[in-house]
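Observations on chain architecture
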Amino acid sequence: MTTTLEQPSLAPPVSPLRELLTLAAPTVLQMASYTLMQFADTYMLALFSEQVGSKSAEPNAAANAGLFTFALMSLGWGTIQIVNALVSQSFGRGERQACGRYLWQGIWFAVIYGLAILPILPFARVPFAFFGHEPALVELQGVYLQITVSWSIFRLIGAAFSQFLLAINRPNLVLVAALLGVSVNVLFNWLLIFGNAGFPRLGLAGAAWGTNLAVLAETGAL
């Protein structure tokens, strides 16, 4: 009697480049979500400026203040990236409880750093005045900076969650959350900048609140 041994079926090999892009693309798009929100704010405020006949002060203010907001958050943002490295190492070793601990450390750091930058809010107009901007532009930049920085905690907490999910091989969830955030930003910009669907017409302040609500939606999804 002859015995035949069946060879186990092997999945076709995946190209290293394809595997790299599969993991990297959601990461890149998630990191670009804040940039896309800033672009949406600037573009839609430019349309608003044309509608009301102003000299494009609102889009300039949003662009400048948006970059300054990110600069204020960048130290906290960069520090939180370590969550990815620490969680991925623990995940690879099968230490699931350690993964959770590192996530919580990232969340607590996000809260502490977000609270630490709040005292600059009363001085939001100072750096723009120092740069020699026109008083009207300084006022608009200060308003946008105050609104967006006041919700930095949620943006930083979202960064901790995104780094955790990337580390445990859930990049597509991070991508979905980023796309949700950008979509919410565009929707609330349309509602709050232009005063559509019965919402108040807030102009630049509406763009700032649209960004905040988008950050909240993205963080909530994560």
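This section reports on the structure supplied with the text. (Residues numbered from 1 in each chain as written. Predicted model: local features only at pLDDT ≥ 70, side-chain atom pairs only at ≥ 80, totals over all residues. Heavy atoms only, no water.)

1. Let's talk about the side chain of Asn212
By the secondary structure assignment, Asn212 is in helix α10 (residues 204-221). What makes Asn212 buried here is its relative accessible area of 3%. For Asn212, the contacting residues outside a window of four places in its chain are Ile147, Thr148, Ser150 and Trp151. (Helix = DSSP H or I, 4+ residues; strand = E, 2+ residues; numbered from the N terminus. Buried < 20%, exposed > 50% of the residue type's maximum accessible area, 1.4 Å probe, protein only. Contact = heavy atoms within 4.5 Å.)

2. Side note on the nonpolar core
Residues Ile80, Val87, Tyr144, Phe164 and Ile193 are the most contacted members of the largest nonpolar core, which totals 46 residues. Elements represented by at least two residues in this core include exactly α2 (33-52), α3 (57-80), α4 (82-92), α5 (96-116), α7 (135-149), α8 (152-167), α9 (171-194) and α10. The greatest single-element share of this core, amounting to nine residues, is contributed by α8. Look past the residues within four positions of Ile80 in its chain and what remains in contact with it is Gly106, Phe109, Ala110, Leu156, Ala159, Ala160 and Gln163. (Core = buried A, V, L, I, M, F, W, Y, C linked by side-chain atoms within 4.5 Å.)

3. So, helix α1 (residues 16-31)
A rise of 1.5 Å per residue sets the reference length of α1, with its 16 residues, at 22 Å; its end C-alpha atoms lie 23 Å apart and thus fit the reference within 8%. In the structure, α1 departs most strongly from a straight axis at Ala24, where the bend amounts to approximately 30° and where the proline Pro26 lies between one and four residues downstream. (Expected span 1.5 Å × (residues − 1). Bend = angle between axes of the 7 residues up to and from the residue.)

4. Thoughts on the environment of Leu47
The residue Leu47 is located in helix α2 in this model. Leu47 sits in the partly exposed class, given a relative accessible area of 35%. Here the alpha-carbon distance between Leu47 and Ile193, two residues 146 residues apart in the chain, equals 9.8 Å.

5. Observations concerning the packing of aromatic side chains
Within the structure shown, the criterion is met by nine aromatic pairs. Ring plane angle 10° and centroid distance 6.1 Å describe the contact between Phe39 and Tyr43, whose orientation is recorded as stacked. Linking Phe39 with Tyr43, this pair stays in helix α2, spanning four residues, or about one helical turn. The rings of Tyr34, Phe70 and Trp77 are connected pair by pair, giving a single aromatic cluster. (Phe/Tyr/Trp six-rings, centres within 6.5 Å; stacked < 30°, edge-to-face > 60°.)

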